[in-house]
Structures are given as C-alpha cells and as structure tokens.
Amino acid sequence: MQMDKPTRWSLDVLFPSPDGPEIKKALAELDRMVAKAEKSRRLLSPRISGAAFLGLVKQFEEIRSLARRIAAFAELHFCENTQDQAAQTLLANTEQHMAEIENRLLFFSTWWKALPAAPARRLLAGSGPYRYYLEQIRRMAPHTLSEPEEKVINLKNATGSRALSTLYQAITNRYMFDLEVDGARKQFSRAELTVFTRSPDASVREAAYRSLYSVYSREGPILGQIYSTLVRDWRSENVSLRKFSSPVAVRNLANDLPDKVVRLLLEVCRANAPVFQQYFELKARTLGLPKLRRYDIYAPIAPSEKQYGFGRAWELVRRSFEEFDPAFATLAERVVADRRLDAEVRPGKRDGAFCMSVLPSLTPWVLTNYQGRAYDLATLAHELGHAVHALLAEDLPLFTYDASLPLAETASTFAEMLLVESLLKEETDQAVRRDLLFRQVDDAYATIMRQAFFALFEVEAHDAVGKGASVEDLCARYWGNLQAQFGNSVELTEEFRWEWAAIPHFYEMPFYVYAYAFGQLLVLALFHQYQAEGSAFLPRFTRILSAGGSASPAAILKRAGIHIEKAEFWQGGFDLLGQRISQLG
Ligand SMILES: [Zn+2]
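Calculation notes
Residues numbered from 1 in each chain as written. Predicted model: local features only at pLDDT ≥ 70, side-chain atom pairs only at ≥ 80, totals over all residues. Heavy atoms only, no water. Helix = DSSP H or I, 4+ residues; strand = E, 2+ residues; numbered from the N terminus. Rg over C-alpha atoms; globule rule 2.2 N^0.38 Å. Buried < 20%, exposed > 50% of the residue type's maximum accessible area, 1.4 Å probe, protein only. Contact = heavy atoms within 4.5 Å. Areas by Shrake-Rupley, 256 points an atom, 1.4 Å probe, with all protein chains shown as cover. Lys, Arg positive; Asp, Glu negative; His and termini not counted. Charge placed at Lys NZ, Arg CZ, Asp CG, Glu CD. Donors = N, O, S within 2.8 Å, 3.2 Å for Na, K, Ca; no water. Tetrahedral: all angles 85-135°; square planar, octahedral: opposite > 155°, others 65-115°. Phe/Tyr/Trp six-rings, centres within 6.5 Å; stacked < 30°, edge-to-face > 60°. Lys NZ or Arg CZ within 6 Å of the ring centre and 35° of its normal. Disulfide = S-S within 2.5 Å. Arc of directions from axis to C-beta. Pairing = 2+ DSSP bridges. Axes fitted to C-alpha atoms, helices over the stretch in contact; angles between N-to-C directions. Parallel < 35°, antiparallel > 145°, perpendicular 65-115°, else oblique. Left-handed = near helix turned anticlockwise from the far one by under 90°. Polar contact = N/O pair within 3.5 Å; in protein donor to acceptor, adjacent residues only side chain to side chain. Core = buried A, V, L, I, M, F, W, Y, C linked by side-chain atoms within 4.5 Å. Nonpolar A, V, L, I, M, F, W, Y, C, P; charged D, E, K, R; others polar.

## A closer look at the overall build of the chain
Here comes step 1: Within the chain, the regular secondary structure consists of 24 helices and seven strands.
Here comes step 2: Relative to a compact globule of 585 residues, whose C-alpha radius of gyration would be 25 Å, the chain shows 25 Å and is just as compact.
Here comes step 3: If one aligns the C-alpha atoms of the chain with their principal axes, the spans along those axes are about 75 × 60 × 50 Å.
Here comes step 4: Here the chain holds 585 residues, and 54% of them are scored as buried.
Here comes step 5: Across the chain, every contact between residues at least 6 apart in sequence was considered, and the portion connecting residues at least 24 apart equals 75%.
Here comes step 6: Roughly 26100 Å² of accessible area belongs to the chain as shown, and the carbon and sulfur atoms make up 53% of that amount.
Here comes step 7: Within the chain, one finds 70 positive and 71 negative side-chain charges whose respective centroids are separated by 6 Å.

## Overview of the coordination of the zinc ion
Here comes step 1: Looking at the zinc ion, one finds its protein donor set to be His382 (NE2), His386 (NE2), Glu409 (OE) and Glu409 (OE), positioned 2.1 to 2.7 Å from the metal centre.
Here comes step 2: Metal-centred angles of 52 to 140° between the four donor atoms at the zinc ion mark the site as irregular.
Here comes step 3: In terms of primary sequence, the donors binding the zinc ion are separated according to H-x3-H-x22-E. With His386 in helix α15 (residues 374–392) and Glu409 in the loop between α16 (405–408) and α17 (410–426), this residue pair connects regions lying 23 residues apart in the sequence.
Here comes step 4: Classification of Glu409 by relative accessible area gives partly exposed; the value is 28%.

## A short note on the packing of aromatic side chains
Here comes step 1: Taken as a whole and assessed by the stated rule, the structure comprises 51 aromatic pairs.
Here comes step 2: Here Trp111 and Trp112 contribute two aromatic rings whose centre-to-centre distance is 6.3 Å and whose plane-to-plane angle is 40°, an arrangement assigned as tilted.
Here comes step 3: Using a relative accessible area of 0% as the deciding quantity, one classes Trp112 as buried.
Here comes step 4: Measuring from ring centre to ring centre gives 4.8 Å for Phe569 and Trp570, while their planes differ by 70°; the resulting arrangement is edge-to-face.
Here comes step 5: Overall, the relative accessible area of 0% leaves Trp570 in the buried class.
Here comes step 6: Sitting over the face of the ring of Trp112, Arg138 holds its NZ or CZ atom 5.4 Å from the ring centroid.
Here comes step 7: Above the face of the Tyr298 ring, Arg198 is positioned so that its terminal group lies 4.3 Å from the ring centre.

## Brief notes about the state of the cysteines
Here comes step 1: Summed over the entire model, instances satisfying the criterion amount to zero disulfides.
Here comes step 2: With no disulfide of its own, Cys79 has Cys355 as its nearest cysteine by sulfur position, at a separation of 12 Å.
Here comes step 3: Since its relative accessible area comes to 0%, Cys79 is described here as buried.

## Some remarks on helix α4 (residues 117–125)
Here comes step 1: Listed as buried for α4 are Pro119, Ala120, Leu123 and Leu124. Looking straight down α4, one finds its buried side chains confined to an arc of 135°; they lie on one side. Residues of α4 that are exposed and angled more than 90 degrees away from the buried face: Arg121 and Ala125.

## Some words on the pairing of strand β2 (residues 184–188)
Here comes step 1: One ladder, built from five bridges, connects strand β1 (residues 177–181) with β2; its direction is antiparallel. Residue pairing for β2: Leu179 is matched across the bridge by Lys186.
Here comes step 2: Taken together, β1 and the strand that follows it, β2, pair antiparallel across an intervening segment of two residues, in which Asp182 is found at a positive phi of about 50°.

## A closer look at the sheet that holds strand β6 (residues 365–367)
Strand pairs in the sheet, formed through backbone hydrogen bonds, run parallel or antiparallel to each other.
Here comes step 1: The three strands lie next to each other as β4-β6-β5, forming an open sheet whose pairing is mixed. The sheet is open, and its two borders are formed by β4 (341–342) and β5 (354–356), each paired with just one other strand.
Here comes step 2: Set on the sheet, α15 makes contact with β4, β5 and β6; between it and β5 the angle comes to about 15°.

## Let's talk about the packing of helix α9 (residues 202–241) against helix α10 (residues 247–255)
Here comes step 1: Look at α9 against α10: their axes get within 8 Å of each other, and the N-to-C directions meet at 70°. Relative to α10, the element α9 lies roughly perpendicular. Where α9 crosses over α10, the handedness of that crossing is left-handed. Contacts from Trp234, Arg235, Asn238 and Val239 in α9 reach Pro247, Val250 and Arg251 in α10.

## Some details on the side chain of Glu237
Here comes step 1: Its location among the elements puts Glu237 in helix α9.
Here comes step 2: Of the polar contacts made by the side chain of Glu237, one reaches the side chain of Asn157; its length is 3.3 Å.
Here comes step 3: Excluding residues that lie within four positions of it along the chain, Glu237 makes contacts with Ile153, Asn157 and Arg242.

## Overview of the nonpolar core
Here comes step 1: If you look at the biggest cluster of nonpolar residues, it comprises 145 residues, and the most contacted ones within it are Phe276, Phe414, Trp500 and Tyr507.
Here comes step 2: Not counting the four nearest positions on each side in its chain, Phe414 is found in contact with Phe324, Val523, Leu526, Phe527, Tyr530, Phe537 and Phe541.
Here comes step 3: In this structure, Leu56, Ile101, Ile137 and Trp365 belong to the second largest nonpolar core, which totals 56 residues.

## Structural notes on the packing of helix α11 (residues 259–271) against helix α24 (residues 567–584)
Here comes step 1: Two elements in contact, α11 and α24, have axes whose closest approach is 10 Å; the angle formed by their N-to-C orientations is 40°. As summarised for this structure, α11 and α24 are arranged oblique, according to the angle between their axes. For the pair α11 and α24, the sense of crossing is right-handed. Touching Leu264, Leu265, Val268 and Cys269 of α11 are Ala567, Trp570, Gln571 and Phe574, all from α24.
Here comes step 2: Partitioning the contact of α11 with α24 into residue classes produces seven nonpolar, one polar and no charged.

Here's what the structure looks like:
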C-alpha cells in the first residue's frame, strides 16, 4: 500500500449518512427488539431450560450489537468534526436513547445476579462462550443491594458523586495557564502547556510547571474539598453499604484481579523505586546537570526531533509488525485497506488518538492526529496494536470480545516496543538512537512507577480521609509519597505537594491507574520472553490476544505460562528495565 498523505476513514459500513433514513430505521428496529426482549421477562425463573436461557442471552447479544453499531456511528461521526452541531445533537440523542435501553434491559442482570447458586450452576454449565460474561455479572452479587436501594443510589449518584466529578472537570477544563513564549506572555490550555514541560529549554520546562501549579495550589483547597467528598462517598457506598473489604477492592473486582495480586504488584513497584532513581541520576549526567530537578524528568536529550512523513511512518510500523509476525502486519493492513484509519489533522477533529472496536465482525476504527514526530509514529503503532488485538479476538461473541482493563494495553504497548526495536536496527545516527532509548525509559517511568505511586497514594488517601484527614494532611502525605518515589535522585519543589489535586483519574475513576503499571510490566516481561525464545513465543502471545475478555486476566495469562501471583514475575519486568538503563550509561 502506498500512502503519501495521512488517510481519512470511512463510516459507510456502519451507516451511509448521519441524516438519512437508515439510522432512524435502525433505532426503530432496536426499540422493537427491546420490546420483544421485555416480553421474555416472564420466562425468567429458576426452572428455565438451558436452551431457553441461551436463546435469551443471544437475543440480548443481538440488541447490544445493533446498539453498538448505532452508538459507534454517532461517536465516530462526532469525532470527525466535534464542532458540527448536527453531529453533537446526534451523539447526545443517541446516548440518551442507549441509556434508556440499558434501563429497560436491566431486569435480566438483576434476575441473574439474584438467582440461587444451584440453578445458576446448571445454566452456566451450558452457556458455552458466554460463560465468563455471565460469571462476571454474578461476581457483583454479594455487593448488590435490594432493588429499591439500588434505585436510590442510582438516582442520588447522578446528582451526587457523578455530578461532583463532572463539576471537577468543568472547573479544571476552564483553567488557563500563563507562559512567556518567545518574549510574549500567552495563555495556554493544560494540554498545550504540557508540551512545554518537555521542552529542550530547561527554563521553559520550569516556567511551564510553575504556571501549572500556581493555579492548582491556589485552587487546591477547593479541589481538595471535592476530592475528600468523593472519597467519603466511595467509602460510604462501597465499604459501608456494599461490604467491600476496602476501597481498592471495588476496582479489583471490576478488573477481576485478586486483592493480593494488586497488593503484590504495588509492593514490588515500591521496592523497585531505586531502578528509576538510578535512571534519573544517569539522565542528569547525560544532560550535564548536577542533579535532575522535578522539572527535568521528561527533558529530551536530543536538541531537535527527527521528522517522519506519513508514508514512511506507515511503512516503518508495518515493517516492525512484519518482522515480528507477518500475520500481525496483515491484520494492520486490513485497517488501512478497509479505510478505518483517520490520521490526518483537520480543524474540529477530536484530538489525541484511539482505536474503537465496534463488533467482532467489523474491522476496528483508528483515529490519530499524525504530525510527523517520533511520538506520532509510536502512537500509530500503539493504536494499530489495539486493532490487531481486536481482530485476533474476532471469533468471540460480543460479550467477551473486549479485553478487560488489565490486558487491554498488551498488544498496543507491545507494538510500540516492536517499533523501537525496528527503528534501532536501522538507525545509524547515534544521537537519534540515544534519544529513542531515553524516551523509552521516560515512558516506562510515566506508565509504571508514576502510576504505581499514584495508586499507593490513593490507598493511603482513602484510608486517611476515612479517619478525618484534612486537605493539608493530603498534601503532606503526597509529599511523603514523592520523597519515597524519588529518594535523593531528584530535586523536588514545594508546588508539587499539590500534584494529586491535578490528576483527573483520582476524581473520576478511583484506583484506575494501577492498570497502567500492570499492563506495562506485563508487556516488558512478554517482550523479554520474545527476545529469549524468538518465534517459539508467537503462538503463546497470539493465544493471549485472541482470548479477548473471555476469561479472567490471571486465567488467560496462566495458559501462557505467566503467574501474576508471583513476585518474581513482576520483578522480571524491573530487571529488564534495570539492564536497559545500565546500557544507557
Ligand atoms: Zn492504548
């Protein structure tokens, strides 16, 4: 495939147009299907036959498939131009419609969760590829309250915790940050400001961080109040009412990871803080600094960046996949051949990047904003890795098609590592090589150690707030967390006490962040195995990916000989990183 310009995707296989009769027809069909499903409610009893039960599950699957097709079209069409008012309206209406359908279908999972163990066992035994999906719903049963209680919580959350977290977004999204650039003071959004924290100019990096935290320390007391309230709400609902053993156990159950595995992961990360401390000392020497300041963590070591045209970028990514496994390259090519890749930059288009896998029978859609930097190249490999993951799982039913959170980044992160290996093989310019290698460790820091210490802070903060800690106490604890993380390797300044108040995940999805550390350490270990075993590794890796979300992460990985309940497994990832860092010195 020859491509000299970033491509645009086509949504034609979903719907030919946003305002044609097809979408209206599909919505009417969806309503008919839901009405039919509602009628089958009378079949639900402990004596339902296995065949009737399976028929119902399949009926629900068909409804969800059509719903996902409609919702995906509205979302993807909106991403093409977020300023298009018709697209905004279509998206809002579709979301509303989907929420209503969810509510109308809620009766099935409510019944299934409450069903006694004996009939549930009988039905699960005959549920074939739907088994894990059905088990997952029942895992929530011990923490489910009565129907009226659940209704009250649902209602109250909409105006309570969810409203507060939306308010946090609304408040912080309005923040603008002052920065002097080329002699003129300008105002920047946070996303724009972040680019300056990676500037080759040390004074620009410092100024960007100072600007960021001048706002967050001023606003910190009020943001901290929002945070404390959310944390108290999380505890009242989940620990007091739903009887989870701890605040983090809620997320662990959703991820289907045992509490002790998550504890082990975080402890191994904490114990390995010196790995990155040594890296920061090495980076200081490389940059010619006596000591790295917190401002310099992401400093590039090369003064300028190499640029890659889109055609060249696609060829590099494709080739890195092919060198690993020609089947991977073929799947990535399908994304381009089926016109699912939107890589061009245009006004109004959603920024960032994602891969959306809609249905097992459809090649996924990939969005990036390609601008020619090494970062854009890595993003392209990352998102195409997601697409390969989804394509390998295409034989699964919709309900177990999506990989669960701890495994969701396996193919994408692996693809980024393949790209770097492939680039290093052909790059002869020493400066570019070193830049690539340092960037790789910078990213590993940001995904593993930074996120693990975030999660350690969350565990501590939820406990402390439960015992009445003030916002000032949280700052003091965060400061302690940073000192444990950096030791003497990095110069910290006061404003970073407020960093926790600036992390949206803490407000919106408590304990979400440890999944990043999980995923990246897993991929390091897998990559290590690949380097040791060569092509013998391929079938095992393919088996992990093609399992999608059809079993728990522990079960999927165990089949590939990986034991996440063992400390040695996690330590292996750090050992590999330690080796790579020592090669940089
Ligand atoms: Zn990803």
